[in-house]
Amino acid sequence: EELRRRAGELRRMPSANELRASGANDLACAISRRGGFRGWAEKMGLKQKSSDTHRGQKWERHEADFFRSLGYLVEEQTAKAPFDLLVNGLRVDVKSSKLTRHGFYQYGGIRNGEGCDLFDLLCIDGGVKARVLVPSSKANVAKICMMPATLDGLGKYGAFVGAVHLLNSVQVAR
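Residues numbered from 1 in each chain as written. Predicted model: local features only at pLDDT ≥ 70, side-chain atom pairs only at ≥ 80, totals over all residues. Heavy atoms only, no water.

Colleague: Is there a simple way to think about the environment of Glu42 in this case?
Modeller: Note on placement: Glu42 falls in helix H4 (residues 36-44). Separated by 70 residues in sequence, Glu42 and Asn112 place their C-alpha atoms 36 Å apart. (Helix = DSSP H or I, 4+ residues; strand = E, 2+ residues; numbered from the N terminus.)

Colleague: Would you take a moment to explain the packing of aromatic side chains for this structure?
Modeller: When we look at a pair of aromatic rings, we describe it by the centre distance and by the angle of the planes. In total, this model carries two aromatic pairs according to the counting rule given. Geometrically, the ring pair formed by Phe67 and Tyr72 is edge-to-face, given 6.4 Å between the ring centres and 85° between the ring planes. A residue is classified by how much of its surface remains accessible, and Phe67, at 0% relative accessible area, is buried. Judged by its relative accessible area of 11%, Tyr72 falls in the buried class. (Phe/Tyr/Trp six-rings, centres within 6.5 Å; stacked < 30°, edge-to-face > 60°. Buried < 20%, exposed > 50% of the residue type's maximum accessible area, 1.4 Å probe, protein only.)

Colleague: How do you make sense of unusual backbone geometry when you look at a structure like this?
Modeller: Leaving glycine aside, a negative phi is the common case for residues, and trans is the common case for peptide bonds. Non-glycine residue Arg11 carries a positive phi angle of around 65°. Relative to the helices and strands, Arg11 resides in the loop between helix H1 (2-10) and helix H2 (16-21). Positive phi, close to 50°, is recorded for Asn88, a residue that is not glycine. Relative to the assigned elements, Asn88 resides in the loop between strand E2 (85-87) and strand E3 (90-98).

Colleague: Help me understand the sheet that holds strand E6 (residues 127-135), please; the structure alone is not making it clear to me.
Modeller: Strand pairs in the sheet, formed through backbone hydrogen bonds, run parallel or antiparallel to each other. Read across the sheet, five strands follow the order E1-E2-E3-E5-E6 without closing on themselves; strand pairing throughout is mixed. Two strands in the sheet have a free side with no partner beyond their single neighbour: strand E1 (74-76) and E6. For this sheet the average axis-to-axis angle between neighbouring strands, irrespective of direction, equals 30°. With seven bridges joining them, E3 and strand E5 (residues 118-125) adopt parallel strand pairing. Among the inter-strand pairings, Asp93 is bridged to a residue of E5, identified as Phe119. (Pairing = 2+ DSSP bridges. Axes fitted to C-alpha atoms, helices over the stretch in contact; angles between N-to-C directions.)

Colleague: Even after reading the chapter, I still don't get the pattern of salt bridges, so can you show me in this structure?
Modeller: With the rule as written, the count across this model stands at nine salt bridges. Among the ionic pairs, Arg68 bridges to Asp65, the shortest N-O distance being 3.6 Å. Linking Arg68 with Asp65, this pair stays in helix H5 (residues 52-69), spanning three residues, or about one helical turn. A relative accessible area of 36% places Arg68 in the partly exposed class. Of the charged contacts in the structure, one is a salt bridge between Arg68 and Glu76, with a shortest N-O distance of 3.3 Å. For Glu76, a relative accessible area of 42% corresponds to the partly exposed category. Bridged by salt links that share partners, the residues Asp65, Arg68 and Glu76 form one connected network. (Salt bridge = Lys/Arg side-chain N within 4 Å of Asp/Glu carboxyl O.)

Colleague: So what exactly am I meant to see when it comes to the pairing of E5 here?
Modeller: In the case of a regular strand, side chains alternate between the two sheet surfaces. Within E5, seven of the eight residues are buried, leaving the element largely enclosed by the surrounding structure. Note that E5 and E6 share eight bridges and pair antiparallel. Following the sheet pairing, Leu122 is matched in E6 by Arg131. Counting the residues between successive antiparallel strands, the hairpin from E5 to E6 contains one residue, one of them, Gly126, with a positive phi of roughly 85°.

Colleague: Whenever I open this one, H1 confuses me. Can you help?
Modeller: Because the α-helix completes a turn every 3.6 residues, residues three or four places apart line up on one side. Turning to H1, its buried residues are Leu3, Arg6 and Ala7. Considered in projection along H1, the buried side chains sweep an arc of 100° and stay on one side of the axis. Seen from the open side of H1, the exposed residues pointing more than 90 degrees away from its buried face are Arg4 and Glu9. In this structure, the buried side of H1 is in contact with H2, helix H3 (25-33) and H4. (Arc of directions from axis to C-beta. Contact = heavy atoms within 4.5 Å.)

Below you can see the structure in the form of structure tokens.
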């Protein structure tokens, strides 16, 4: 009842932060424990406020479908997991970036290559312009920045543009 009222005021699903800020922490916790915000939004037919998490989940689902279309076995992970997809037994962390106003693609949360076997770095321009699959052993940094020339095979990560074949390699496995 309270959720329906708050959603009606916003004309969308309230976020956890919005509920907490308005003194409804108990409601935020109940939603989290009983299906999550996305689950309740879907159940109630409500849109959610746009966020980095939602954009990330959109591209994770896109990549899961893409890898499945190539015949790979894909398991999607929970939001709390240190990687997003388990693809043929390899831990894959999906990251997406549009070209920044400074003219490069930027991916944060790389964690010096810890927690996964491959980074699936998506260059977004409406849809997926390119995917760069970088072994975690080659990503010993906190953030990756790529110039557009990378998509032409140049630079440190150029060799990994479209390198879907790495999903067949036991050499990138832990």
